[in-house]
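Each chain is listed here by its residues.
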Amino acid sequence: MQIDILTLFPEMFSGVLGQSILQKAAEKAAVNYNVVNFREYADNKHSTVDDYPYGGGAGMVLKPQPIFDAVAALKEKAKSSKPRVILLCPQGERYEQKKAEELANEEHLLFICGHYEGYDERIREHVVTDEISIGDYVLTGGELGAMVVIDSVVRLLPEVLGNQESHMKDSFSTGLLEHPHYTRPADFRGMKVPDTLLSGNHKLIEEWRNKEALRRTLLRRPDLLDKIELTAEQEKWLEEVKKDCE
């Protein structure tokens with residue numbers, strides 16, 4: 001996968017892309033990162049990328065020209081692929097795991113990270129394919145949002161995670177929150193691991209995990225249960241969990 005990032009602050013990405021899973025993904029050639037300062041595409045001698053909004057008002061607005069030209073140059077460089085051009089903004093589609101899974105199937109993602117008051121509307125209308133918001137709050141720029149989306153997408157690429165089943169049982173991937181996890185020691189300061197997980201009975205362990213995922217979802221995010229179709233077995237387990245919680 002090719003990931004291009006248009007930003008006025010490329011140095012913000014060096015630490016994130018050069019560490020942990022994101023770095024390993026690049027080393028495995030699962031992804032190639034290209035961070036571009038779109039100020040370099042400004043067509044004026046002062047490299048200005050923003051201007052006052054028509055009609056007045058507070059703040060500055062990103063001009064269309066640098067973004068249009070930067071995106072055109074990156075598309076020309078790629079040639080063989082048609083990128084999804086993603087704008088990070090509070091007005092965008094609220095980001096969820098299903099969107100991450102959708103984007104992970106693409107060959108080329110291009111992120112536009114804005115600053116200032118906003119974008120010239122023509123950028124949205126003629127350049128962007130997707131608008132994404134990572135939550136109902138406002139940040140100083142799109143960089144942190146882009147990092148969140150990139151991290152969530154890259155970890156889904158084949159061979160990036162050591163265990164390919166890891167992301168398949170993540171919270172939200174199944175429609176439910178993930179079950180609790182435990183590791184050694186079995187008894188830590190009197191706090192013990194559930195006996196089922198120590199039993200060696202894989203069928204009982206899987207049933208316990210399913211029930212606990214349902215329990216955690218019911219208690220923390222009951223709204224998620226309205227969005228998925230449970231199997232008959234899960235319905236039975238959910239009823240048992242509800243009785244336990246009464």
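These figures come from a predicted structure and were not determined experimentally.

About the thresholds
- Residues numbered from 1 in each chain as written.
- Predicted model: local features only at pLDDT ≥ 70, side-chain atom pairs only at ≥ 80, totals over all residues.
- Heavy atoms only, no water.
- Axes fitted to C-alpha atoms, helices over the stretch in contact; angles between N-to-C directions.
- Helix = DSSP H or I, 4+ residues; strand = E, 2+ residues; numbered from the N terminus.
- Parallel < 35°, antiparallel > 145°, perpendicular 65-115°, else oblique.
- Left-handed = near helix turned anticlockwise from the far one by under 90°.
- Contact = heavy atoms within 4.5 Å.
- Nonpolar A, V, L, I, M, F, W, Y, C, P; charged D, E, K, R; others polar.
- Polar contact = N/O pair within 3.5 Å; in protein donor to acceptor, adjacent residues only side chain to side chain.
- Expected span 1.5 Å × (residues − 1).
- Buried < 20%, exposed > 50% of the residue type's maximum accessible area, 1.4 Å probe, protein only.
- Pairing = 2+ DSSP bridges.
- Phe/Tyr/Trp six-rings, centres within 6.5 Å; stacked < 30°, edge-to-face > 60°.
- UniProt positions renumbered as here; feature names shortened; annotations may be inferred.
- Salt bridge = Lys/Arg side-chain N within 4 Å of Asp/Glu carboxyl O.

A separate point is the packing of helix α8 (residues 202-220) against helix α9 (residues 232-245). At a minimum axis distance of 9 Å, the contact between α8 and α9 shows a crossing angle of 60 degrees. The angle between the axes of α8 and α9 places the two elements in the oblique class. Crossing geometry of α8 relative to α9 is assigned as right-handed. On the side of α8, the interface is formed by Glu207, Asn210, Lys211, Leu214, Arg215, Leu218 and Leu219, while α9 contributes Gln234, Trp237, Leu238, Glu240, Val241, Lys242, Asp244 and Cys245. Of the residues assigned to the contact of α8 with α9, the class counts are seven nonpolar, two polar and six charged.

Before going further, it helps to examine the side chain of His115. Its location among the elements puts His115 in the loop between β6 (108-112) and β7 (118-119). A polar contact is formed between the side chain of His115 and the backbone oxygen of Thr140, at a distance of 3.5 Å. Leave out the neighbours within four places in its chain, and His115 touches Leu8, Phe9, Leu62, Thr140, Gly141 and Glu143.

Below, the discussion takes up α8. Compared with the 27 Å implied by 1.5 Å per residue over 19 residues, the 26 Å span of α8 between its first and last C-alpha is a close match. All buried positions along α8 are accounted for by Ile205, Trp208, Glu212, Ala213, Leu214, Thr217 and Leu218. Packing partners of the buried residues in α8 comprise α7 (195-198) and α9. The opening residue of α8, the one whose side-chain oxygen lies 3.2 Å from the backbone nitrogen of Lys203, is Asn201.

Across the sheet, which stays open at both edges, the three strands sit in the order β3-β4-β7 with mixed pairing between neighbours. Two strands in the sheet have a free side with no partner beyond their single neighbour: β3 (50-51) and β7. Here two bridges tie β3 to strand β4 (residues 61-62), and the two strands are oriented antiparallel to one another. Looking at the pairing, Asp50 lines up with Leu62 of β4.

Think of a pair of aromatic rings as described by two things: how far the centres are apart, and how the planes are tilted against each other in angle. In this structure the tally under the stated criterion is one aromatic pair. Aromatic side chains Tyr182 and Trp208 sit 6.5 Å apart centroid to centroid with 55 degrees between the ring planes, which places their arrangement in the tilted category. With Tyr182 in the loop between α6 (143-154) and β9 (187-188) and Trp208 in helix α8, this pair connects stretches of sequence that are 26 residues apart. When its relative accessible area of 45% is taken as the criterion, Tyr182 is described as partly exposed.

Let's shift gears to the UniProt feature "binding site: S-adenosyl-L-methionine" (unreviewed entry) in the protein chain. In the numbering used here, UniProt assigns the "binding site: S-adenosyl-L-methionine" (unreviewed entry) feature to Gly114, Ile134, Gly135, Asp136, Tyr137, Val138 and Leu139. By secondary structure assignment, the location of Gly135 is in the loop between β8 (130-133) and α6.

Taken as a whole, this structure holds 16 salt bridges when the rule is applied. Across the salt bridge formed by Glu106 and Arg84, the nearest N and O atoms sit 2.8 Å from each other. On the criterion of sequence distance, the pair formed by Glu106 in the loop between α4 (97-103) and β6 and Arg84 in strand β5 (residues 84-94) is long-range, its members being 22 residues apart. Its salt-bridge partner being Lys211, residue Glu207 comes within 3.3 Å of it at the nearest N-O pair. With a gap of four residues between them, Glu207 and Lys211 both fall in helix α8, about one helical turn apart. Linked by salt bridges that have partners in common, Arg84, Glu93, Lys99, Glu102, Glu106 and Asp130 make up one network.

Taken in spatial order, the five strands make up an open sheet running β2-β1-β6-β5-β8, and their pairing is parallel. In this open sheet, the two strands that pair with only one neighbour each are β2 (32-37) and β8. Adjacent strand axes in the sheet meet at a mean angle of 30 degrees, parallel and antiparallel pairs treated alike. In this structure, strand β1 (residues 2-7) lies alongside β6, joined through five bridges in parallel fashion. When the bridges of β6 are listed, Gln2 appears paired with His108.

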